[in-house]
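# A look at the structure
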Amino acid sequence: LNPNTLSADGTVALSGYSISEDGNLLAYGLSASGSDWMEWRVRDVTSGLDRDDVVQWVKFSGAAWTHDNQGFFYSRYAAPTADEAYKDVDYYQKLYYHQIGTPQAADQLVYERPDQKEWGFGAAVTDDGRYLIIYVTHGTFRQNGIFYKDLQDWEKPAVELFNRFDAAYDFVGNDGTLFYFRTDRDAPMSRVIAVDIAQPDQIREILPEGSDSLRDVSLLGGQLIANYLHDAHSQIKSFDKMGTLLRAIALPGIGSVGGFGGRQDARETFYSFTGFTSPGTVYH
């Protein structure tokens, strides 16, 4: 996919993409002339040709594939009138599921809140393919909610795991019914907690708040990889899933680090390092 060939004047931008679990399909979002509106399409990776799927009136949303490669979740608004498309205020975002090969009119409504016109919804599917994580946002507030659905029976109502908007919650990963989150709940420097959705009222502290700011956490290879900000530079530490320190990961020097992403069962990962005297470099 080369966005430079999508328009003669270069006003169409690639605004997002998501690859199916089997790697055969690429869902990608396009925005024109700097608009927040996106139109999502689906491309066959082998042939390089687009399928007939077109999803419109998407804004502030990605695409989260189900593990059967049959479709993806996304958020959209109701289609505006032609003269209000770029002027009207957008309310009542809804979460949908688009099945590949079907028209958008047939998309299944997954979640909506008619009583909360300013709420927005983001979707993520857990690495095991079992759960749909629904991020619930209210404007630009840092605090958010976390709801979920069991995709083995996703006709049931969504479960509101965190619904008080009392803190920021970032889903890290899951070990069966045990969900891990990075949060600033009762911890301005952030910490990692775990919640068994079978006993949602019992919160376990995995990585307690420390004197350094916890900027990011990844769950991969059976370990928690934590990115701390210490005296204005990055420090990386790995822990087991119970929170026991395994080791500090040696970096090339003093600088800023990003990355350490991957699947929960991954045996390798990549990160970028930039130092005061070192150009940005990717390490394995």
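Cut-offs used in this document
Residues numbered from 1 in each chain as written. Predicted model: local features only at pLDDT ≥ 70, side-chain atom pairs only at ≥ 80, totals over all residues. Heavy atoms only, no water. Helix = DSSP H or I, 4+ residues; strand = E, 2+ residues; numbered from the N terminus. Rg over C-alpha atoms; globule rule 2.2 N^0.38 Å. Contact = heavy atoms within 4.5 Å. Areas by Shrake-Rupley, 256 points an atom, 1.4 Å probe, with all protein chains shown as cover. Lys, Arg positive; Asp, Glu negative; His and termini not counted. Charge placed at Lys NZ, Arg CZ, Asp CG, Glu CD. Patch = residues over 30% accessible without salt bridge, like charges linked within 9 Å, V, L, I, M, F, W, Y side chains within 5 Å. Salt bridge = Lys/Arg side-chain N within 4 Å of Asp/Glu carboxyl O. Buried < 20%, exposed > 50% of the residue type's maximum accessible area, 1.4 Å probe, protein only. Pairing = 2+ DSSP bridges. Axes fitted to C-alpha atoms, helices over the stretch in contact; angles between N-to-C directions. Polar contact = N/O pair within 3.5 Å; in protein donor to acceptor, adjacent residues only side chain to side chain. Core = buried A, V, L, I, M, F, W, Y, C linked by side-chain atoms within 4.5 Å. Phe/Tyr/Trp six-rings, centres within 6.5 Å; stacked < 30°, edge-to-face > 60°. Lys NZ or Arg CZ within 6 Å of the ring centre and 35° of its normal.

Broken down by element type, the protein chain carries zero helices and 23 strands. Relative to the 2.2 N^0.38 estimate, which gives 19 Å for 284 residues, the radius of gyration of the protein chain is 20 Å and therefore close to what a compact globule would have. Along the first, second and third principal axes, the C-alpha set of the protein chain runs to 55 × 45 × 35 Å. Put simply, 32% of the contacts in the protein chain that link residues at least 6 apart link residues at least 24 apart. Entry remark: accessible area of the protein chain is about 15100 Å², with carbon and sulfur atoms responsible for 48%. The positive charge centre, built from 24 side chains, and the negative charge centre, built from 39, are 3 Å apart in the protein chain.

Let us now look at a nonpolar patch on the surface. A cluster of nonpolar side chains, contributed by L1, L6, L14, Y17 and I19, occupies part of the molecular surface with about 460 Å² of accessible area. Relative to the helices and strands, L6 is located in the segment before β1 (12-19). The partly exposed category is assigned to L6, whose relative accessible area is 31%.

Another point: the sheet that holds strand β13 (residues 169-175). The antiparallel open sheet is built from four strands, whose spatial order is β13-β14-β15-β16. Two strands close off the open sheet at either side, each with one partner strand: β13 and β16 (203-207). For this sheet the average axis-to-axis angle between neighbouring strands, irrespective of direction, equals 30°. The pairing of strand β15 (residues 191-196) with β16 spans four bridges and is classified as antiparallel. By the bridge assignment for β16, A194 is matched with R204.

On to the side chain of S61, then. Following the sequence through the fold, S61 ends up in the loop between β4 (50-58) and β5 (64-65). Within the structure, S61 has its side chain in polar contact with the backbone nitrogen of S75 (distance 2.9 Å). Residues contacting S61, with those up to four places away along its chain left out, are M38, W40, Y74 and S75.

Note that R76 resides in strand β6 (residues 71-76). We note that R76 is buried and unpaired, the nearest opposite charge coming from D107 at a distance of 6.1 Å. When sequence neighbours within four positions are dropped, the list of residues in contact with R76 reads Q56, W57, V58, Y92, Q93, K94, Y96 and Q104.

This part is about the nonpolar core. Ranked by internal contacts, the top residues of the largest apolar core, which has 15 residues, are F73, L95, Y111, F121, L132, I134 and F147. Every element with two or more residues in this core is listed here: β7 (94-99), β8 (108-111), β9 (119-125) and β10 (131-138). Once residues lying within four places of it in the same chain are set aside, the contact partners of L132 are F73, L95, V110, A123, A124, V125, F147, Y148, K149 and L151.

Moving on, we get to the environment of A78. Locating A78 in the fold gives a position in the loop between β6 and β7. Residue classification places A78 among the exposed residues on the basis of a relative accessible area of 60%. For the pair A78 and V58, spaced 20 residues apart in the sequence, the C-alpha separation amounts to 9.1 Å.

The final tally for this structure, using the stated rule, is 22 aromatic pairs. Ring geometry for W65 and F72: centres 5.4 Å apart, planes at 65°, overall edge-to-face. With respect to class, W65 is no different from F72; both count as buried. Aromatic side chains Y74 and Y96 sit 6.0 Å apart centroid to centroid with 20° between the ring planes, which places their arrangement in the stacked category. One end of the pair, Y74, is in strand β6; the other, Y96, is in strand β7, with 22 residues separating them in the sequence. We classify Y74 as buried; its relative accessible area is 2%. Here a set of aromatic residues connected by ring pairs shows up, and it is made of Y131, Y148, F162, Y169, F171, F179 and F181. Lying over the aromatic face of Y96, R76 brings its terminal NZ or CZ to 5.6 Å of the ring centre. It is K117 that lies over the ring of Y91; its NZ or CZ is 4.4 Å from the centre.

With that settled, consider the pairing of β4. Across four bridges, strand β3 (residues 38-44) lies against β4 in antiparallel orientation. Its bridge partner being in β4, W40 is matched across the sheet by V55.

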